Amino acid sequence: MFEIAFKSVLGSRSTVVRSGCRAFATQTTSLSSKLGYDVCVIGGGHAGCEAAAAAARTGARTLLLTQRLDTIGEMSCNPSIGGVGKGTLVREVDALDGVMGQVSDKAGIQFHILNRSKGPAVWGPRAQMDRKLYKRHMQEVLFNYPNLDVRAASVFDLDAAHAESGMTRIGPSKAGLVKGVKLDTGETIPCASVVICTGTFLSGEIHIGEKTFPAGRLHDPASPTAGLSRTLASFNFKLDRLQTGTPARLDGSTINFTGLSTQEGDEIPQPFSFTSENLPNKDNQVLCYATSTTEATHEIIRQNIHRSVHIQETKKGPRYCPSLEAKVTRFAGKSSHRVWLEPEGYDSNVIYPNGLSCSLPEDVQLPMLRTVPGLENVEMVRPAYGVEYDFVDPRELGATLETKRIKGLYLAGQINGTTGYEEAAAQGVLAGINAGLSALNRPPLIVTRADGFMGVMVDDLIVKGAEEPYRMFTSRSEYRMTIRSDNADLRLTEKGYLAGAVSEKRWSAFTTIKHEMDRITDILKGYTLTPHGWSSKGFDVHQDGALRSTYDILRHPHVSWNALQQLFPNLASVNPATAERIRIEASYAPHLKRQQADLKLFHDDESLLLSPDIDYHEISGISEEIRERLTRVRPASIGAAKRMEGMTPTSLINLLRFSKRAGKQNQNDHSSQEAMIAN
């Protein structure tokens, strides 16, 4: 399938790349001690790469299965990583010892912080990638990862057993148990957990004008409908279709860049990974160029939109990264739309025209492109196309990304209705960790909305579903001030380490950074002066008589770290990146105190757990619409139920009352059973 159902690189024989020794987590008895692998990950895209590495870090023996070894880490669409909201996800993946941030730092050829003029809570770390470097470095990491084998093979289906009557996991749902995966050769690979990371390959279909053909990516075959899709349907998973697309690739030697505005990288570029000490390409950053569509562009779109089978109201495409056809239709009054011309690498002439995604016929694409300033004589290297694919309603999942219907089956990436490399990687790292922990009989790792954007995304998906491709934005979080891109390691690394998913090497690096931040913060908080005292030292402070520490002074926007060095000469030796993190923490300290009350309410609601076996038809006082939604979503807590669309205060109260009564009844049942056993 997609990144999974592929033919071996070497023909009919599978190819295996074996990793080094098992060097990550302390060994734990696995559920598949007699099997070949604890975890099988299907797909070598961004979700699959993170899932495979994450499962291996838990100590689970892991196998990554993909169509071709040479496409592992492929950047199928845009040559960039990060952005607003997305950059925070990359930092969170890194905080859990994931690989995307480290690889991006090695492959980045232009680094830029979006929203730099605003507060750090909405900063968006972003970098242009060299496609070849990204893929090469990702493959180097995975091919040498402890506990991980990588195999080129075609996965056709799951090996999953339907549970017998009375063994269902959730209410009346038809349940099953993962036993392994089946290859198209007939071979079955036993395992305890499977992570499906199929991207756009699950029954994928490419659209170019009126032409359609099965594929998940141009020149890469899709998974057959008779395989995985049929099996998921047999377990009553709710499947639907989504759409996305990618622009044409352009020959940079035929573009006239003269007169186009440019975007340079940051003078002092910031890495994604908290452990990156150097960016190898920081002194050789490339330029990006800006142009825009014209009325002539839009007219060609309008005249030919009827020739595109991809443009259908019944299929949902990405709202926040729409096709050019969608932009011209939705914003009919706009005379132009911004287009970014982005280099794809140091040794490539190919340009990615960000903003020109379409699915027009090939004979129309070139004339349309040549109406854009700078592209008057452009030549296409590859046409634009749309792709339509199956996805599973993410309300079929729990917070660990394990499916509710099949034990041991986890889903990550576009199969859950998301769009974007970063969203896929974040789901991959969480699903991989939990698949590994489950196979090793250890407690799961739960990331909540209060813990990170990763938790916000997962909660949105499993509670609200995905009516259109889901993309992460900072505005989706109600706790933006606490879950910033700069503090992802402070929020998640310890959590991941305690779960057994962060290596000792990474833990040591984190504790070194944290101890240094704590040491400097204590020094700053320990030195206090009156307003007059601060004024005498040259600091402009409101004369209100209140004592202020150096840490308090640091939050003032006009106070620099260099100015504080005159008070504390030892501060000159502090790493500039560490100093900046301390300054940001100081700036947000007053706001965080006010947000603590909101966080307490959130945690209180999340602690009111709901049984997965509730029969919602027994609850009185709720509407049939809400009853149906509760039955479909099966929220894990009162907090999750409260966030469901359409939930009313009255329904929530009735649900809480029923849950408490059921809980007391269960306690009474347990007490009676214990008394019988005692007698």
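Above: the structure in question.
All values derive from a computational prediction rather than experimental measurement.

Undergrad: Outline the overall build of the protein, supporting the account with residue identities and numerical values.
TA: Counting its regular elements, the protein contains 19 helices and 25 strands. Classification of the 679 residues of the protein by burial places 57% in the buried group. Long-range pairs, those at least 24 residues apart, make up 75% of the contacts in the protein between residues at least 6 apart in sequence. Total accessible area on the protein stands at roughly 28,400 Å², and carbon and sulfur atoms take up 51% of it.

Undergrad: Can you explain the nonpolar core? Please cite residues and give values.
TA: Counting residues in hydrophobic clusters, the biggest one holds 122 residues, and the most contacted among them are Val194, Val195 and Leu409. In contact with Leu409, other than residues within four places in its own chain, are Leu158, Val178, Val194, Ile196, Leu232, Phe237, Leu401, Glu402 and Thr403.

Undergrad: Describe the side chain of Arg581, with residues and values.
TA: Here Arg581 shows up in helix H16 (residues 576-607). With a relative accessible area of 11%, Arg581 lands in the buried category. Looking at Arg581, its side chain comes within polar contact range of the main-chain oxygen of Asp486, at 3.1 Å. Ignoring any residue separated from it by four or fewer positions in sequence, one finds Arg581 in contact with Phe274, Asp486, Asn487, Asp489, Leu490, Ile513 and Met517.

Undergrad: Talk me through unusual backbone geometry; I want residue IDs and the actual numbers.
TA: Backbone geometry at Asn115 places phi at a positive 60 degrees, although glycine is not the residue there. Topologically, Asn115 is positioned in the loop between strand S5 (108-114) and strand S6 (124-129). Even without a glycine there, the phi angle at Asn147 is positive, about 75 degrees.

Undergrad: Describe the side chain of Thr246, naming the residues involved and giving the relevant values.
TA: As for its placement among the helices and strands, Thr246 is situated in strand S14 (residues 239-246). When neighbours within four sequence positions are excluded, Thr246 is seen to be in contact with Ser76, Cys77, Tyr352, Ser357, Cys358, Arg382, Ala384 and Tyr385.

Undergrad: So what about the sheet that holds strand S4 (residues 80-82)? Which residues, and what values?
TA: Pairing is antiparallel in the open sheet, where three strands are placed in the order S4-S6-S5. Across the chains shown, the open sheet's two edge strands, defined by having one partner strand only, are S4 and S5. Shown here is a sheet whose adjacent strand axes are inclined to one another by a mean of 20 degrees, direction ignored. Sheet topology note: the S5/S6 ladder contains six bridges and is antiparallel. Counted as the bridge partner of Leu114 is Gly124 from S6.

Undergrad: Lay out the pattern of salt bridges with the relevant residues and their values.
TA: This structure, assessed with the given rule, holds 42 salt bridges. Among the ionic pairs, Arg241 bridges to Glu388, the shortest N-O distance being 3.1 Å. Here the residue Arg241 occupies a position in strand S14, and Glu388 occupies one in strand S21 (residues 385-392), the gap between them amounting to 147 residues. Per residue, the accessibility class of Arg241 equals that of Glu388, and both read buried. Glu624 is the salt-bridge partner of Arg627, the closest N and O atoms lying 3.1 Å from each other. Of this pair, Arg627 and Glu624 both sit in helix H17 (residues 624-633), three residues apart, which is roughly one turn of the helix. One network of salt bridges, in which partners are shared, links Arg449, Asp459, Asp460, Glu478, Glu606 and Arg643.

Rules used in this analysis
- Residues numbered from 1 in each chain as written.
- Predicted model: local features only at pLDDT ≥ 70, side-chain atom pairs only at ≥ 80, totals over all residues.
- Heavy atoms only, no water.
- Helix = DSSP H or I, 4+ residues; strand = E, 2+ residues; numbered from the N terminus.
- Buried < 20%, exposed > 50% of the residue type's maximum accessible area, 1.4 Å probe, protein only.
- Contact = heavy atoms within 4.5 Å.
- Areas by Shrake-Rupley, 256 points an atom, 1.4 Å probe, with all protein chains shown as cover.
- Core = buried A, V, L, I, M, F, W, Y, C linked by side-chain atoms within 4.5 Å.
- Polar contact = N/O pair within 3.5 Å; in protein donor to acceptor, adjacent residues only side chain to side chain.
- Pairing = 2+ DSSP bridges.
- Axes fitted to C-alpha atoms, helices over the stretch in contact; angles between N-to-C directions.
- Salt bridge = Lys/Arg side-chain N within 4 Å of Asp/Glu carboxyl O.

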